[in-house]
Amino acid sequence: MTQAFALAIGIGTKNSNGDWLEVYYPQPLLNPAAALIEAAKTALGYEGGNVALEADGGELEAFAAAAESTNAELAALARTFTESERPVVVTVLESDAQSTSTPEVYLKLHLLSHRLAKPHSLNLAGMFGLLPNVAWTNKGAVDLNDLPAAQLEARLHGEILSVNSVDKFPRMTDYVVPKGVRIADTSRVRLGAYIGEGTTIMHEGFVNFNAGTLGVSMVEGRISAGVVVGDGSDLGGGCSTMGTLSGGGNIIISVGEKCLIGANAGIGIPLGDRCTVEAGLYVTAGTKIQLLDDQKNVVEVVKGRDLAGKTDLLFRRDSISGAVQCVTNKTAIELNNELHANN
């Protein structure tokens, strides 16, 4: 029997040309049972590969009957969708290959926000070209070319079509609200974010797709695309993390466990565990940093990239000279030897 990477039944929106704008998958499955793939073959004519199969009521009922003994919840969902007035799609991903359709991309974004896959674990190559720029309104997704007519139609019926944003990504909470989180402003968390249980995102906090927190965190700053924050780490108000899409190059920025990035601070290097960046200080890969010994004497000047991923570091700025300095739980000599061990 065929083993697949992912499977989900979704209900979506198309534009006037019949192109997919978005898809909502209530119960996505990672590594679904082989019997469900066989059910898709029997009921939907699935022939393998990564495909999005639009299904009518009869096909959904046939799939539900075939899947009943393997996954009763998924079968019940399929039967619920038989009454849908919107198009229904069954998306099967045989592998984590590059997506070729909008429903496939939406399934991967759902896998992230449902915490079924962690950031950087999925192949998201080419996804931007498959995500249409959409007007996200109080009545759902509307194609930008269809928007004027939709706005006029609403007015003719005494209503207002409110456009909340124009973007390729919708807000996560319109699709999934992970267990045990607080989000003060839901518009600031995109679908495809991974929000760990115990995380609080305050009003100015922001989390992009393929990024997020792995545990308990207080987020009052920006978590850019691709950035992962470890358990117990906090991001102060207005702070920033440099993602690979915004100047970080090939360095994958991450924050270890029990770290603190102070208010209006920022990082362009990955932090190890138990690191602190003082308020207002931005540390990038090229920042010149003075290493201090136990007596606060300068031992060496290194670049930020030399300290990437190191643990137990305090980054600060000398209030008189303005020099960026690093104090560590280790002596500067020990850290220096570690930095140059592989030269």
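Reading the values: rules and limits
Residues numbered from 1 in each chain as written. Predicted model: local features only at pLDDT ≥ 70, side-chain atom pairs only at ≥ 80, totals over all residues. Heavy atoms only, no water. UniProt positions renumbered as here; feature names shortened; annotations may be inferred. Buried < 20%, exposed > 50% of the residue type's maximum accessible area, 1.4 Å probe, protein only. Contact = heavy atoms within 4.5 Å. Salt bridge = Lys/Arg side-chain N within 4 Å of Asp/Glu carboxyl O. Helix = DSSP H or I, 4+ residues; strand = E, 2+ residues; numbered from the N terminus. Polar contact = N/O pair within 3.5 Å; in protein donor to acceptor, adjacent residues only side chain to side chain. Expected span 1.5 Å × (residues − 1). Phe/Tyr/Trp six-rings, centres within 6.5 Å; stacked < 30°, edge-to-face > 60°. Pairing = 2+ DSSP bridges. Axes fitted to C-alpha atoms, helices over the stretch in contact; angles between N-to-C directions. Parallel < 35°, antiparallel > 145°, perpendicular 65-115°, else oblique. Left-handed = near helix turned anticlockwise from the far one by under 90°. Nonpolar A, V, L, I, M, F, W, Y, C, P; charged D, E, K, R; others polar.

Engineer: How should the UniProt feature "binding site: Mg(2+)" (unreviewed entry) in the chain be read in this particular structure?
Structural biologist: Here, UniProt's "binding site: Mg(2+)" (unreviewed entry) annotation points to Glu204. With relative accessibility at 55%, the residue Glu204 sits in the exposed group. Dropping the residues within four chain positions of it, Glu204 is found in contact with Arg188, Glu220 and Gly221.

Engineer: It is not clear to me how the pattern of salt bridges should be interpreted in this structure. Could you clarify?
Structural biologist: Where charged atoms of side chains with opposite charge meet at close range, the side chains can pair. This structure, assessed with the given rule, holds nine salt bridges. Here Lys14 makes a salt bridge to Glu54, at a shortest N to O gap of 2.6 Å. In this pair, Lys14 sits in strand β1 (residues 6-14) while Glu54 sits in strand β4 (residues 50-55), placing the two residues 40 residues apart along the sequence. Of the residues examined, Glu54 reaches a relative accessible area of 46% and is grouped as partly exposed. Measuring nitrogen to oxygen at the nearest pair gives 2.9 Å for the salt bridge that ties Asp174 to Arg171. Residue Asp174 is classed as partly exposed on the basis of its relative accessible area of 47%. Overlapping salt bridges, with partners in common, bring together Glu61, Glu68 and Arg79 in one network.

Engineer: What is the right way to read the side chain of Asn208 from this model?
Structural biologist: By the secondary structure assignment, Asn208 is in the loop between β12 (206-207) and β13 (212-213). Among the polar contacts listed, one links the side chain of Asn208 to the side chain of Arg190, at a separation of 2.9 Å. Other than its neighbours up to four places away in sequence, Asn208 contacts Arg190, Ala193, Ile223, Ser224 and Ala225.

Engineer: Sorry if this is basic, but what is going on with helix α4 (residues 102-113) here?
Structural biologist: An α-helical turn contains 3.6 residues, so a residue and the one three or four places further along point in the same direction. For α4, built from 12 residues, the straight-helix expectation of 16 Å at 1.5 Å per residue is met to within 8% by its first-to-last C-alpha distance of 17 Å. Buried residues dominate α4, accounting for 12 of its 12 residues. Of the positions making up α4, those classed as buried are Thr102, Pro103, Glu104, Val105, Tyr106, Leu107, Lys108, Leu109, His110, Leu111, Leu112 and Ser113. Looking one or two residues past α4, Arg115 carries a phi angle of roughly 65 degrees, positive in sign.

Engineer: Please explain the packing of aromatic side chains as it appears in this structure.
Structural biologist: Where two aromatic rings form a pair, the distance of their centres and the angle of their planes describe that pair. Using the criterion set out here, one finds five aromatic pairs in the structure. With 5.6 Å between their ring centres and 80 degrees between their planes, Phe128 and Phe209 make a pair best called edge-to-face. Separated by 81 residues along the polypeptide, Phe128 in the loop between α4 and β6 (134-137) and Phe209 in the loop between β12 and β13 bring together distant segments of the chain. Plain terms: the ring middles of Phe169 and Phe209 are 4.7 Å apart, the flat faces sit at 20 degrees to each other, and that makes the pair stacked. Of the two residues, Phe169 sits in the loop between β8 (163-167) and β9 (182-183) while Phe209 sits in the loop between β12 and β13, which places them 40 residues apart along the sequence. For Phe169, a relative accessible area of 3% gives the class buried.

Engineer: Would you mind going over the UniProt feature "active site" (unreviewed entry) in the chain with me for this structure?
Structural biologist: UniProt feature "active site" (unreviewed entry): in the numbering of this structure it lies at Glu220. One can find Glu220 in the loop between β14 (218-219) and β15 (222-223). For Glu220, a relative accessible area of 32% gives the class partly exposed. When near neighbours in sequence (up to four residues on either side) are disregarded, Glu220 contacts Met202, Glu204, Gly205, Leu235, Gly236, Gly237 and Gly238.

Engineer: What is the right way to look at the sheet that holds strand β7 (residues 140-143) in this model?
Structural biologist: By definition, the strands of a sheet pair up through backbone hydrogen bonds, in either a parallel or an antiparallel sense. The strand order across the open sheet built from three strands is β7-β6-β8, with neighbouring strands paired in antiparallel fashion. Because the sheet does not close on itself, it has two edges, and the strands there are β7 and β8. Neighbour-to-neighbour, the strand axes of the sheet open up by a mean angle of 30 degrees, direction not taken into account. Pairing analysis gives four bridges linking β6 to β7, with the strands arranged antiparallel. Bridged to Ala135 within β7 is Val142.

Engineer: Any chance you could explain the packing of helix α2 (residues 57-67) against helix α3 (residues 72-81) here in plain terms?
Structural biologist: Between two packed helices, what matters for the description is the angle formed by their axes and the separation of those axes. At their nearest, the axes of α2 and α3 sit 8 Å apart, and the two run at 165 degrees to each other. The angle between α2 and α3 places the two elements in the roughly antiparallel class. Between α2 and α3 lies a crossing whose hand is left-handed. Of α3, the residues touching α2 (which contributes Leu60, Glu61, Phe63, Ala64, Ala65 and Ala67) are Leu74, Ala75, Ala78, Arg79 and Phe81. Grouping the amino acids of the contact of α2 with α3 by side-chain chemistry returns nine nonpolar, no polar and two charged.

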